[in-house]
Amino acid sequence: MRTSTRIAGALTGLTLTLGGAVLAAPAVRADIPACTQMAELAGATASDSVTAACSRGVVGDLQSCVTGLTGAGVAGGAATAACRAAAHEPR
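Where an unreviewed UniProt entry is consulted, the protein appears under the name Cysteine rich repeat-containing protein, with the organism given as Streptomyces cynarae.

## What to know about the packing of helix α2 (residues 32-41) against helix α5 (residues 76-86)
Interhelical geometry of α2 versus α5 gives an angle of 165° and a closest axis separation of 7 Å. Considering the angle they form, α2 stands roughly antiparallel to α5. The way α2 lies across α5 gives a crossing that is right-handed. Contacts between α2 and α5 involve A34, C35, M38 and A39 from the former and A81, A82, C83, A85 and A86 from the latter. Among the residues making up the contact of α2 with α5, the classes are represented as 9 nonpolar, no polar and no charged.

## Concerning the state of the cysteines
Summed over the entire model, instances satisfying the criterion amount to 2 disulfides. Here C35 connects covalently by a disulfide to C54, the sulfurs 2.0 Å from one another. Since a negative S-S torsion denotes a left-handed disulfide, the C35-C54 link at about -80° is left-handed. In this pair, C35 is assigned in helix α2 and C54 in helix α3 (residues 48-58), connecting sequence segments 19 residues apart. With relative accessibility at 0%, the residue C35 sits in the buried group.

## Things to note about the confidence of the model for the protein
Summing up the model confidence of the protein, the mean pLDDT is 78 and the portion of residues at 70 or higher is 66%. The least confident element of the protein, judged by mean pLDDT, is helix α1 (residues 3-24) at 54; the most confident is helix α4 (residues 62-71) at 94.

## Examining the nonpolar core
Of all hydrophobic cores here, the largest spans 14 residues; its most connected members are C35, A39, V50, L69 and V74. Only α2, α3, α4 and α5 provide two or more residues apiece to this core. Residue contributions to this core peak at 4 residues, all from α5. Apart from residues no more than four positions distant in its own chain, A39 is found in contact with A44, V50, L69, V74 and A82.

## Topic: α3
Those residues of α3 that fall on the buried side of the exposure criterion are V50, A53, C54 and G57. Buried residues of α3, seen end-on, are gathered within an arc of 100° and therefore sit on one face of the element. Packed against the buried residues of α3 are α2, α4 and α5.

Rules used throughout
Residues numbered from 1 in each chain as written. Predicted model: local features only at pLDDT ≥ 70, side-chain atom pairs only at ≥ 80, totals over all residues. Heavy atoms only, no water. Axes fitted to C-alpha atoms, helices over the stretch in contact; angles between N-to-C directions. Helix = DSSP H or I, 4+ residues; strand = E, 2+ residues; numbered from the N terminus. Parallel < 35°, antiparallel > 145°, perpendicular 65-115°, else oblique. Left-handed = near helix turned anticlockwise from the far one by under 90°. Contact = heavy atoms within 4.5 Å. Nonpolar A, V, L, I, M, F, W, Y, C, P; charged D, E, K, R; others polar. Disulfide = S-S within 2.5 Å. Buried < 20%, exposed > 50% of the residue type's maximum accessible area, 1.4 Å probe, protein only. pLDDT = per-residue confidence, 0-100. Core = buried A, V, L, I, M, F, W, Y, C linked by side-chain atoms within 4.5 Å. Arc of directions from axis to C-beta.

Set out below in structure tokens:
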């Protein structure tokens with residue numbers, strides 16, 4: 001068996017294994033309402049920009065989320081906490 005064939009087979013197996021793990025993993029549920037509520041408590045008004053920023057926190061883009069919330073009037077520490085709340089499962 002050629003080396004290139006072995007490598008291709010190994011990569012295919014790895015891809016199938018990782019793909020199956022992603023499909024079998026439970027869906028991550030985000031908590032956008034908690035993020036927007038924290039942002040409002042910190043001084044932001046409810047708006048599409050706050051919701052959009054919290055949505056970026058859901059997918060793990062915390063820097064972009066914090067930047068969006070600070071642009072909406074949320075202080076840095078509160079924006080960071082709100083973005084972290086967005087990534088957690090609702091309680």
